[in-house]
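# Structure assessment
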Amino acid sequence: MGKKIFLVVLCLATVLDLHLANAEVPAVFILGDSTADTGTNNFLPDSKDRADFPPYGIDFPHSRPTGRFSNGLNSADFLAELMGFKRSPLPFFYLVNNTKFIKRPSFRGANFASAGSGILNITGQTKNGLKNVVPLEEQIGQFSSIYSELVAIKGQASAEVFLSKSLFFISVGSNDIFAYYLSRSTVPKQEFIATLGFIYDSYLRTLYKLGARKFGIISVPPIGCCPALRIQNTTGGCLEDLNNLALEFHSMINTQLIKLSTDYSDMKYSLGNAYEMTINVLDNPCPFGFKNVSNPCCGDERTPCGPNATFCSNRREYLFWDSVHPTQAAAGLAARTLYGGELRFVSPINFKQLADA
Ligand SMILES: *[C@@H]1O[C@H](CO)[C@@H](O)[C@H](O)[C@H]1NC(C)=O
Ligand SMILES: *[C@@H]1O[C@H](CO)[C@@H](O)[C@H](O)[C@H]1NC(C)=O
Ligand SMILES: *[C@@H]1O[C@H](CO)[C@@H](O)[C@H](O)[C@H]1NC(C)=O
Ligand SMILES: *[C@@H]1O[C@H](CO)[C@@H](O)[C@H](O)[C@H]1NC(C)=O
Ligand SMILES: *[C@@H]1O[C@H](CO)[C@@H](O)[C@H](O)[C@H]1NC(C)=O
């Protein structure tokens, strides 16, 4: 008898919890690069930055390759789940010709993230002129079409309320830094980072003008520690120059966000320190269940991850799935840290507090 009552109460609590989560955050909009791409590049027929073939998706339901650069889910999926959503927001390219999804009361956001893209328009584009990625600026243009759609459906005032409670997650910057580093550019690094900051800031202001109020920003991880870069170091260690650029990117974006939230008093943000989060795991992998944090599970120096590559079976123990992207296990850990992490990893508030704010 007692047990029955307990169960009923527990179920009720779960229902209420989900209901509250959804009421707090009506929608999630995700922008950025491969860390958050859930299939955008599949819609670009000429894109070379794709993951819509096995063994990508080996741990996804039905072992289906979806375009995610992971053995399973990525951080965007886990964040949507933590926010109480039943499914990860669909790629914009899927919604654009199925506008009935946007018109439904159950509309829960969209994913614009495109693997290989960056803050700069040229980042990730190929020289042949064919469309390889969707740059951040174009992603914001796509969001603006959803904004117009929402205004048309709900009216200006309701659309604004809806968007002001929604979350905007942005994970970008790594590809710009890779491109800068690999091109051996003569532009001094302070100048380069400042340029990225200037442009990023203008994009955040555009999003604000389109109704965004809650920003969850994810900075650049220690990209010099990716297996693809470590092989360029004779000791197998991380590439310090790349990691320093990542650190500078974080302090730049931190400064920009402080300024932005002073200019717009109703703007709220949470900055995930991807650098600190990743270094923390690299330094001490065991407590997180990782045993291999320097080699990819799938592929090696000669064979990139794909149908011809071999891949590990103990995927839960690897930090890297391919030579640049995290495993599902690593993506899940990152999302949980962003959601509930302490100040060292996410500041001035974490993503849960951002949702509740
Ligand atoms: C959407 O439909 C238009 C018109 O039919 C087409 O040109 C475009 O390629 C479609 N977009 C996507 C992403 O499928
Ligand atoms: C970036 O590309 C978009 C078109 O996709 C264009 O409207 C915009 O002016 C470009 N931005 C810069 C800074 O060149
Ligand atoms: C290579 O890794 C070592 C640590 O193993 C580090 O001290 C060194 O600075 C790295 N080299 C470069 C070029 O980053
Ligand atoms: C990590 O994985 C690689 C490739 O799967 C393997 O060669 C290496 O020995 C592993 N390292 C550790 C510390 O387990
Ligand atoms: C896989 O290997 C086969 C035979 O060597 C080759 O023809 C094919 O292009 C390779 N596929 C990829 C994606 O590298």
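Residues numbered from 1 in each chain as written. Chains lettered and ligands numbered in written order. Predicted model: local features only at pLDDT ≥ 70, side-chain atom pairs only at ≥ 80, totals over all residues. Heavy atoms only, no water.

You can read under Sequence similarities (unreviewed entry) in the UniProt record for the chain the words "Belongs to the 'GDSL' lipolytic enzyme family." (UniProt positions renumbered as here; feature names shortened; annotations may be inferred.)

Another point: helix α5 (residues 136–154). The terminal C-alpha atoms of α5 lie 26 Å apart, and with 19 residues this matches the ideal 27 Å at 1.5 Å per residue to within 8%. Within the sequence span of α5, burial applies to Leu 136, Gln 139, Ile 140, Gln 142, Phe 143, Ile 146, Tyr 147, Leu 150 and Val 151. After α5 finishes, the residue Gly 155 shows a positive phi value of roughly 90°. (Helix = DSSP H or I, 4+ residues; strand = E, 2+ residues; numbered from the N terminus. Expected span 1.5 Å × (residues − 1). Buried < 20%, exposed > 50% of the residue type's maximum accessible area, 1.4 Å probe, protein only.)

By nearness alone, every residue bordering ligand 4 is listed as Asn 292, Asn 295 and Tyr 318. Tyr 318 places a side-chain nitrogen or oxygen 2.8 Å from an oxygen atom of ligand 4. Look at ligand 4: alone it shows 360 Å² of surface, and the protein chains cover 37% of it. (Near = heavy atom within 4 Å. Polar contact = N/O pair within 3.5 Å; in protein donor to acceptor, adjacent residues only side chain to side chain. Areas by Shrake-Rupley, 256 points an atom, 1.4 Å probe, with all protein chains shown as cover.)

Let's shift gears to the environment of Ala 51. Relative to the helices and strands, Ala 51 is located in the loop between β1 (28–32) and α2 (75–82). Ala 51 gets classed as buried once you look at its relative accessible area, which sits at 0%. In sequence terms Ala 51 and Cys 297 are 246 residues apart; their C-alpha atoms lie 15 Å from each other. For Ala 51, the residues in contact, after removing those within four places along its chain, are Tyr 56, Pro 65, Thr 66, Gly 67, Arg 68 and Phe 69. (Contact = heavy atoms within 4.5 Å.)

Right, let's get into the packing of helix α7 (residues 174–182) against helix α8 (residues 189–209). Two elements in contact, α7 and α8, have axes whose closest approach is 12 Å; the angle formed by their N-to-C orientations is 150°. Taken as axis vectors, α7 and α8 run roughly antiparallel relative to one another. Every pair of crossing elements has a handedness; the one defined by α7 and α8 is right-handed. Between α7 and α8, the contacting residues are Asp 176, Ile 177 and Tyr 180 on the first element and Lys 189, Phe 192, Ile 193 and Leu 196 on the second. Of the residues in the contact of α7 with α8, the class split is 5 nonpolar, no polar and 2 charged. (Axes fitted to C-alpha atoms, helices over the stretch in contact; angles between N-to-C directions. Parallel < 35°, antiparallel > 145°, perpendicular 65-115°, else oblique. Left-handed = near helix turned anticlockwise from the far one by under 90°. Nonpolar A, V, L, I, M, F, W, Y, C, P; charged D, E, K, R; others polar.)

Packed helices, taken two at a time, are described by the angle their axes make and the gap between the axes. The contact between α7 and helix α10 (residues 240–263) brings their axes to 10 Å, and the two run at 140°. Relative to α10, the element α7 is oriented oblique. Helix-helix and strand crossings are classified by hand; for α7 and α10 the assignment is right-handed. Of α10, the residues touching α7 (which contributes Ile 177, Phe 178, Tyr 180 and Tyr 181) are Asp 241, Leu 242, Leu 245, Ala 246 and Phe 249. Partitioned by chemical class, the residues of the contact of α7 with α10 number 8 nonpolar, no polar and 1 charged.

Glancing now at the pattern of salt bridges. Scanning the entire structure with this criterion turns up 13 salt bridges. Between Asp 59 and Arg 315 there is a salt bridge whose closest N-O contact spans 2.6 Å. One end of the pair, Asp 59, is in the loop between β1 and α2; the other, Arg 315, is in the loop between β6 (292–296) and β7 (318–320), with 256 residues separating them in the sequence. Classification of Asp 59 as partly exposed rests on a relative accessible area of 31%. On the accessibility criterion, Arg 315 (15% relative accessible area) is buried. (Salt bridge = Lys/Arg side-chain N within 4 Å of Asp/Glu carboxyl O.)

Right, let's get into the pairing of strand β4 (residues 214–218). β4 sits mainly inside the fold: 5 of its 5 residues count as buried. Burial along β4 is two-sided: Lys 214, Gly 216 and Ile 218 facing one way and Phe 215 and Ile 217 facing the other are all buried. Across 5 bridges, β4 lies against strand β5 (residues 268–272) in parallel orientation. Bridge pairing in β5 links Phe 215 to Tyr 269. (Pairing = 2+ DSSP bridges.)

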